[in-house]
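Residue strings, one per chain:
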Amino acid sequence: MPRSSRLINRQEGDFIRVYGFADPQSTRVTAELVASFPVPEGVEVESPTVAPDLSRAAYATSGAVVCADRAGRRLWRLDGVVDPVPASDLATTSCAFSADGTVVWIYTVDRVGRWIVVDADTGTVLAQAVLDGAGAGGRQFVHSDGVHVLLGVAEGRDALRVHRARLDRKAIELSTYPWDDRRLVDLSPAGDSLMTIHHDRRDVAFHSYPEGEVVVRVPAALFGYDDNTYPAFVVDGGYLDSDTAIVTLSGDLDDTMEWELSRYVDVRTGRVGGMVEREPGPYRDGSLVSLGDGTWLSIDIDRLFRRDVR
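Residues numbered from 1 in each chain as written. Predicted model: local features only at pLDDT ≥ 70, side-chain atom pairs only at ≥ 80, totals over all residues. Heavy atoms only, no water.

Chemist: Let's hear about the overall build of the chain: which residues, and what values?
Modeler: When helices and strands are counted, the chain shows 0 helices and 27 strands. When the 310 residues of the chain are sorted by exposure, 51% land in the buried category. Sequence-distant contacts, at least 24 apart, represent 41% of the contacts inside the chain between residues at least 6 apart. Counting every atom, the chain has about 14,700 Å² of accessible surface; 47% of that belongs to carbon and sulfur. (Helix = DSSP H or I, 4+ residues; strand = E, 2+ residues; numbered from the N terminus. Buried < 20%, exposed > 50% of the residue type's maximum accessible area, 1.4 Å probe, protein only. Contact = heavy atoms within 4.5 Å. Areas by Shrake-Rupley, 256 points an atom, 1.4 Å probe, with all protein chains shown as cover.)

Chemist: Could you give an account of the packing of aromatic side chains, with specific residues and numbers?
Modeler: One pass over the full model with this rule turns up 3 aromatic pairs. When the centroid spacing of 6.1 Å and the interplanar angle of 65° are considered together, the rings of phenylalanine 206 and tyrosine 239 count as edge-to-face. Here phenylalanine 206 is found in strand β19 (residues 203-208), whereas its partner tyrosine 239 is found in strand β21 (residues 232-239), with 33 residues between them in sequence. The same class applies to phenylalanine 206 and to tyrosine 239, which are both buried. The ring of phenylalanine 233 carries arginine 201 above its face, with NZ or CZ at 5.0 Å from the centroid. (Phe/Tyr/Trp six-rings, centres within 6.5 Å; stacked < 30°, edge-to-face > 60°. Lys NZ or Arg CZ within 6 Å of the ring centre and 35° of its normal.)

Chemist: An account of the nonpolar core is requested, with residue identities and associated values reported.
Modeler: The biggest cluster of nonpolar side chains holds 21 residues, and the ones touching the most others in it are Met195, Val204, Phe206, Phe223, Val247 and Leu249. Of all elements in the fold, only β18 (193-198), β19, β20 (214-219), β21, β22 (244-252) and β23 (258-266) reach the threshold of two or more residues within this core. Not counting residues up to four positions away in its chain, the partners in contact with leucine 249 are Ala220, Phe223, Ala232, Phe233, Val234, Val235, Trp259, Glu260 and Leu261. (Core = buried A, V, L, I, M, F, W, Y, C linked by side-chain atoms within 4.5 Å.)

Chemist: Tell me about the pattern of salt bridges, and name the residues and values.
Modeler: Under the counting rule described, the total for this entry stands at 10 salt bridges. When the shortest N-O distance is used, the salt bridge between arginine 182 and aspartate 203 registers 2.7 Å. Here aspartate 203 lies in strand β19 and arginine 182 lies in strand β17 (residues 182-187), a separation of 21 residues in the sequence. Judged by its relative accessible area of 4%, arginine 182 falls in the buried class. (Salt bridge = Lys/Arg side-chain N within 4 Å of Asp/Glu carboxyl O.)

Chemist: Before we move on, can you summarise the sheet that holds β18 with the specific residues and values?
Modeler: Strand order in the open sheet formed by 4 strands is β17-β18-β19-β20, with antiparallel pairing between adjacent strands. If you trace the sheet from one side to the other, it starts and ends with β17 and β20, each paired once. In this sheet, adjacent strand axes meet at a mean angle of 25° when their direction is disregarded. Both β18 and β19 contribute to a ladder of 5 bridges, which runs antiparallel. Its bridge partner lying in β19, methionine 195 is registered against phenylalanine 206. (Pairing = 2+ DSSP bridges. Axes fitted to C-alpha atoms, helices over the stretch in contact; angles between N-to-C directions.)

Chemist: So what about the environment of serine 208? Which residues, and what values?
Modeler: On the secondary structure map, serine 208 appears in strand β19. The spacing of serine 208 and methionine 195 is 13 residues in sequence and 9.2 Å in space, taken between C-alpha atoms. Those residues in contact with serine 208 that sit more than four places away from it in its chain are Asp192, Glu213 and Val215.

Rendered as structure tokens:
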């Protein structure tokens, strides 16, 4: 579920809907529908992204990326992207508007990973780069500097990769972090820190940006869980604000019951704080979304929002 400065979007039936949230006044805030984009009936939308001015949306579907306006009128279509991995929840295509809305960044896989930049008005390909490694679960983060974009590939045939890029006229200036075993889960609101989870989900780490040096690493055992008590795995996370992250852990009570909880973590020191209050429910990865402004969302079984302030 993509987020951008207290805006989130998702597919609901035959619409991509964008929700906004006013400045927090209480611990519970109602989501406001701020834009809606119709999609053709029965079309499965993958990786929807919405322009900063809310004038258009782009999404992947059926081997293509489509851009449409708020009336549902198709503005352009880019063919040649890969469909979702069969029997998998991981997408093979990721779309993200640039900070100024002039281009769309597209990650897709066609034997190799490709990062493509297209003109947001016409769909014309402006530049593209072949990436080291390829895989599903690509997620993009637009940096607050308005120039750079980060891409983390969550599951690959070769290895996990984290890339950073900028568009320099008609070329992508690309760099790749040296890790091949970490999943990028978030970029801090100030853009000075990255949050990653090890591929075996045994720890979470916070890195300096742009260098990527590890500032602090927090193993699952520091949360009070280890293989000798109740085995737990770090499954998700995000920046609550520039100084604090929410880290979500999951484990099994027995063969039929799972548990999931979230804790606050100081991103500078790695100190584990208190428990994040959550409504009872059947949670899964992505059911808690840190908005980066000191608030976070949880999504209940009916896919309704609850927004909380620490």
